[in-house]
Amino acid sequence: MSRLHAFHGGIHPPEHKAESNGARIVQVPLPPQLVVALNQHIGHGAKPVVAAGDRVAKGQMIGRAEGRVSAAVHAPTSGRVLAVEPRVVAHPSGLAELCVVIEPDGEERWIERQRFDWRNADGPAVLDHLRDLGVVGLGGAVFPSHLKLAGARTLDTLVINGAECEPYITCDDRLMRERADEIGAGIAIVRQLMNARQVKVGIEDNKPEAIEAMRLACGGQDIEVVVVPTLYPSGGAKQLTRLLTGREVPAGVRATDLGVQCFNVGTVQALYRALEHGEPLLSRIVTLTGAVARPGNVEALLGTPLSHLMAFAGVAADVTGHVYGGPMMGFVLPSLEAGLTKSGNCIIARNAELFPPAPPEMPCIRCGTCAEACPAELQPMDLYWFARARQFGRAQERHLFDCIECGACAYVCPSNIRLVDYFRYAKSEIWAAEKSRDAATLARRRHEARQARQERDKRERAERLAARTTPRPAPPPLPEQVTPQEAPAAPAAPTDDDKQARIAAAMARAAARRAGQAGKGEGGDGA
Amino acid sequence: MRTSPFLVQPTPLQIVMLKVAGALLPGIALYAWTFGIGVLVQIALASVTALAVEAGCLKLRGRPLQPFLSDGSALVTAWLLALAVPPLAPWWMVVLATAVAIGLAKHLYGGLGQNTFNPAMVGFAVLIVSFPAQMSRWAAPLGLGMAELGGLAQLGWIFTGQLPAGLAFDAIASATPLDTVRTALGQGQPLAQILAAPIFGDVGGTGSEWIVLGWLVGGVFLWQQKLIPWQLPVGYLGALALTASAFHLADPAHYAGPGFHLATGAAMLGAFFIVTDPVTAPTTPWGRLLYAALAGVLTYLIRVFGSYPDGVAFAVLIMNIATPLIDQLTQPAVFGRKRGKAA
């Protein structure tokens with residue numbers, strides 16, 4: 001039994017797990033339509049490769065991964081593509097994004113699945129395969145899994161996240177109880193791919209059945225199932241890693257570089273299905289709970305309209321809205337017409353009894369309760385002051401971007417201050433400022449380049465004029481052939497090269513930034 | 001709620017303030033037992049004044065009355081102030097001090113949570129600077145004065161300044177233990193002889209040492225309720241005791257020991273209820289320890305070498321100035337950014 005390395009802070013909100021963790025996972029009947037979003041992961045949205053009217057088979061790729069930080073999207077069942085158009089997606093903004101609308105034909109006709117011999121394939125091929133099968137983190141952060149697997153020659157500890165610390169959510173609990181063998185097989189695959197020295201599975205002590213099932217499934221292998229105390233947010237990737245290994249992964253650093261990596265149990269199971277059965281990610285387990293008649297866990301096809309799911313669970317009359325994800329980190333769904341996405345681990349129907357309206361916000365009295373609860377060891381009350389005073393630079397100095405937005409500070413605040421909102425506001429202001437600064441820099445460079453061009457043209461015109469006025473030995477070239485752009489090819493060349501180099505450098509910077517942002521997203525797997 | 005988290009822990013500010021007020025009760029009960037009902041009259045006067053001034057200021061500032069009047073913070077300020085003035089001080093003194101505390105020290109700075117200085121201590125400082133004579137006239141503990149005032153007579157004295165016929169105030173008054181020691185030392189008496197007087201009990205003042213125990217009980221309750229961090233009282237009392245010990249060891253004939261300093265004056269009340277004011281104290285663990293320790297040392301220096309009856313108020317006010325700097329200098333390391341840790 002390995003020693004636990006408790007992290008700072010944490011809270012004990014009411015668990016509300018008993019409502020939904022008792023019954024087995026059930027399959028949701030096929031909905032009349034599937035609305036499959038093309039961007040269901042962190043990074044670039046997939047590029048559609050089907051058009052309205054196409055017939056698609058179950059598992060057929062309908063969106064190709066675009067670039068490195070992306071993942072493919074597939075037809076969850078066989079049927080006909082009705083449209084490829086912007087639809088409302090499961091996002092707090094309520095904005096429409098490109099979706100593939102599929103009308104199922106009910107035949108469940110599979111595309112021909114090809115067994116992939118991952119044991120004998122080289123590393124990059126395995127990763128490309130996973131990207132093309134659309135496997136992403138299913139703990140909620142939906143970070144493309146192939147990126148997490150990349151770049152590890154050896155790993156000290158592989159952490160498997162079965163903590164599931166957020167109230168209400170029980171999909172990982174049920175998955176571990178019912179499909180522990182597949183998770184175990186997935187763990188073996190990831191361990192081999194990452195060459196991990198040891199594997200630790202962290203599960204909170206409020207899931208004894210899941211712990212038992214996982215111990216049984218991992219019995220033959222050298223895998224340690226570690227029971228961790230129930231304390232939100234022990235299921236945060238960084239917190240669980242610290243809890244099990246004592247290592248702290250700072251914001252913006254790849255966990256793999258520190259010899260640890262964390263995968264959610266659902267992700268590992270999906271990896272197993274992908275590599276051993278050639279199955280792309282087509283469905284996920286989602287907890288339907290809150291003010292519903294039949295709370296529980298269902299396995300639903302991606303793209304299933306959320307209204308279909310909630311109708312299946314039986315929404316109570318007094319429901320005032322729905323939360324996508326857990327009550328600590330989820331968001332209010334702007335519409336139930338959106339389709340289920342890979343990140344959808346839970347839908348909670350809200351009513352006034354379960355979620356009473358927030359009491360009025362009082363002034364901060366600097367009591368420091370938030371700092372005691374903060375698992376990132378920040379000083380939330382100071383960050384709050386900086387955000388209010390628009391002192392974003394100071395907020396950044398005090399590591400605002402290390403905040404994982406777990407909500408522990410806002411939960412404990414005796415003044416009921418919505419601290420996380422202030423932090424989101426400060427972050428978005430900083431991002432906006434960075435963006436406009438980048439835009440200004442680009443505009444300035446363009447302006448300078450234009451000025452240089454104009455001066456060069458002027459100089460060259462003057463030179464040409466001077467050349468014309470002097471007597472020429474040879475007949476002059478035809479005027480049409482000497483356009484102002486072509487004639488001074490020689491002197492212009494280095495400038496063009498300069499520009500090319502600048503463009504290349506800018507693209508490299510942008511790529512680095514994207515990778516950096518993606519790296520940040522990596523942290524949130526689990527919960 | 002439109003954004004996460006959608007759950008909140010139901011421990012509103014009101015409950016926090018109520019618990020602080022509740023923690024004062026054992027000490028207040030012992031206070032009234034020892035010195036008579038004067039202290040209760042002061043508390044009542046201060047409470048009414050605090051609520052009235054709070055309401056007036058809120059109205060002037062265009063803020064809602066209900067949430068701020070009921071948050072309990074004004075009452076806590078009022079109670080602390082009432083406990084700091086002599087129990088037989090004339091009524092207008094505590095009224096003036098409370099008005100200054102709430103109106104000036106709290107609302108001029110922006111109200112709850114915005115004040116730089118501890119409001120109760122600002123109110124107290126105004127009194128001690130403006131009316132030093134009245135502020136050093138404490139009633140003798142019951143049973144130790146030449147004469148005694150009944151409850152009604154105490155009321156009469158506080159509100160009208162009239163004593164029952166044939167009684168001079170000096171007959172019922174007494175210098176505080178701290179004052180007695182300082183005055184007698186100034187007259188060249190040895191410490192051991194001074195402390196043998198009936199006004200001194202086993203460790204502190206007769207009777208008042210029990211009140212000190214009351215503050216300690218309330219303080220431990222607050223710590224157990226996680227409403228005050230241990231760094232503040234421990235740092236404060238520890239530094240006060242260490243400084244007193246150092247002086248005592250160097251010259252025992254002149255300087256009283258640590259027990260005497262912990263058990264007299266406002267040291268214990270200050271350690272658990274004044275130094276711990278979250279608004280004006282630092283928020284980092286090391287910062288709290290440093291702040292409290294420096295306040296402890298200052299308290300000792302002011303009460304032993306200064307000319308004020310006690311040093312708690314000025315020590316706290318001086319340290320309030322340093323709070324932002326201390327916070328700045330003692331920022332704890334953030335997750336994943338600790339030096340010398342594997343990660």
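Residues numbered from 1 in each chain as written. Chains lettered and ligands numbered in written order. Predicted model: local features only at pLDDT ≥ 70, side-chain atom pairs only at ≥ 80, totals over all residues. Heavy atoms only, no water.

Structural notes on helix α13 (residues 231-250) of chain B
Residues and elements named next belong to chain B. With 20 residues, α13 should cover 28 Å at 1.5 Å per step; its first-to-last C-alpha distance of 28 Å lies within 8% of that length. Regarding α13, the residues found buried are Gln231, Leu232, Pro233, Gly235, Tyr236, Leu237, Ala239, Leu240, Ala241, Thr243 and Ala244. Contacts made by the buried residues of α13 are with α14 (258-263), α15 (267-274), α16 (285-305) and α17 (312-329). (Helix = DSSP H or I, 4+ residues; strand = E, 2+ residues; numbered from the N terminus. Expected span 1.5 Å × (residues − 1). Buried < 20%, exposed > 50% of the residue type's maximum accessible area, 1.4 Å probe, protein only. Contact = heavy atoms within 4.5 Å.)

Looking at the UniProt feature "transmembrane region" (unreviewed entry) in chain B
All names here are of chain B. Here the UniProt-annotated "transmembrane region" (unreviewed entry) positions come out as residues 28-53, 65-85, 230-249, 255-276 and 288-306. Within the segment residues 28-53, helix and strand shares are 92% and 0% respectively, and the terminal C-alpha atoms sit 24 Å apart. Across residues 288-306, the secondary structure splits into 95% helix and 0% strand, with the terminal C-alpha atoms separated by 25 Å. (UniProt positions renumbered as here; feature names shortened; annotations may be inferred.)

Some words on empty space enclosed by the protein
Residues and elements named next belong to chain B. Enumeration over the complete set of coordinates arrives at seven cavities of 30 Å³ or more. The calculated volume of the largest cavity comes to roughly 580 Å³. Tyr31, Trp138, Thr176, Gly265 and Ala266 are the residues nearest the centre of the largest cavity, which is lined by 34 residues in total. Within the residue set of the lining of the largest cavity, elements represented by two or more residues are α1 (13-35), α4 (73-84), α6 (119-130), β1 (138-139), α10 (177-186), α12 (208-224), α15 and α17. In terms of residue count, the dominant contributor to the lining of the largest cavity is α12 (four residues). (1 Å grid on protein atoms, 1.4 Å probe; cavity = no way out; pocket = protein on both sides within 12 Å on 5 of 7 lines; lining within 4 Å. Points joined across faces, edges and corners; volume = space filled by probe spheres on them.)

Let's talk about the side chain of Asp71 of chain B
Structurally, Asp71 of chain B is set in the loop between α3 (65-69) and α4. The buried charged residue Asp71 of chain B lacks any salt bridge, with Lys106 of chain B as its nearest oppositely charged partner at 5.2 Å. What Asp71 of chain B contacts, discounting residues up to four positions off in sequence, is Met362 of chain A together with Leu13, Gln14, Met17 and Leu112 of chain B. (Lys, Arg positive; Asp, Glu negative; His and termini not counted. Salt bridge = Lys/Arg side-chain N within 4 Å of Asp/Glu carboxyl O.)

Observations regarding the domain arrangement of chain B
All names here are of chain B. Annotation of chain B at the domain level lists domain 1 (11-174) and domain 2 (182-330). On a C-alpha basis, the centroid separation for the pair domain 1 and domain 2 is 21 Å. Contacts between the two partners involve 30 residues from domain 1 and, on the opposite side, 28 residues from domain 2. Interface area, domain 1 with domain 2, both sides summed: about 2400 Å², of which 82% is carbon and sulfur. Area buried by domain 1 at its contact with domain 2 is led by Lys19, Asn118 and Met121, which between them contribute 20% of it. Counting across the domain 1 and domain 2 interface gives zero salt bridges. Between domain 1 and domain 2 we count three residue pairs in polar contact (both at pLDDT 80 or more) in total. Listed by contribution, the elements that provide at least two residues to the side of domain 1 that touches domain 2 are α1, α4 and α6. With 12 residues, the top contributor of residues to the side of domain 1 that touches domain 2 is α1. Looking at side-chain class alone, the side of domain 1 that touches domain 2 contains 21 nonpolar, eight polar and one charged residues. (Domains from an automatic or database assignment. Buried area = accessible area lost by both parts, 1.4 Å probe. Polar contact = N/O pair within 3.5 Å; in protein donor to acceptor, adjacent residues only side chain to side chain. Nonpolar A, V, L, I, M, F, W, Y, C, P; charged D, E, K, R; others polar.)

Some points on the nonpolar core
Residue and element names in this part refer to chain B. In this structure, Leu24, Leu83, Trp215 and Phe273 are the most contacted members of the largest nonpolar core, which totals 88 residues. Sort the elements by how many residues they give to this core and α1 lands first, with 10 residues. Each of domain 1 (11-174) and domain 2 (182-330) contributes no fewer than three residues to this core. Discounting residues that sit within four places of it in the chain, Phe273 has contacts with Val20, Ala23, Leu24, Leu80, Trp215, Gly218, Gly219 and Leu222. (Core = buried A, V, L, I, M, F, W, Y, C linked by side-chain atoms within 4.5 Å.)

Quick word on the domain arrangement of chain A
All names here are of chain A. The assigned domain composition of chain A is domain 1 (26-347) and domain 2 (358-451). Centre-to-centre, using C-alpha coordinates, domain 1 lies 29 Å away from domain 2. Opposite the eight residues of domain 1 that make contact, domain 2 presents 10 residues. Taking both sides of the interface into account, the surface hidden between domain 1 and domain 2 amounts to around 670 Å²; carbon and sulfur atoms contribute 61%. Summed over the shared surface of domain 1 and domain 2, the result is one residue pair in polar contact (both at pLDDT 80 or more). Along the lines of polarity and charge, the residues of the side of domain 1 that touches domain 2 split into five nonpolar, one polar and two charged.

Here we look at the interface of chain B and chain A
Opposite the 41 residues of chain B that make contact, chain A presents 56 residues. On the chain B side of the contact with chain A, Phe6, Leu7 and Phe335 of chain B bury the most area, a combined 20% of that side's loss. There are four salt bridges connecting chain B and chain A. For Arg366 of chain A, the salt bridge goes to Asp327 of chain B, with nearest N and O atoms at 3.2 Å. Where chain B packs against chain A, one counts 22 residue pairs in polar contact (both at pLDDT 80 or more). Broken down by secondary-structure element, the contributors of at least two residues to the side of chain B that touches chain A are α1, α3 and α17 of chain B.

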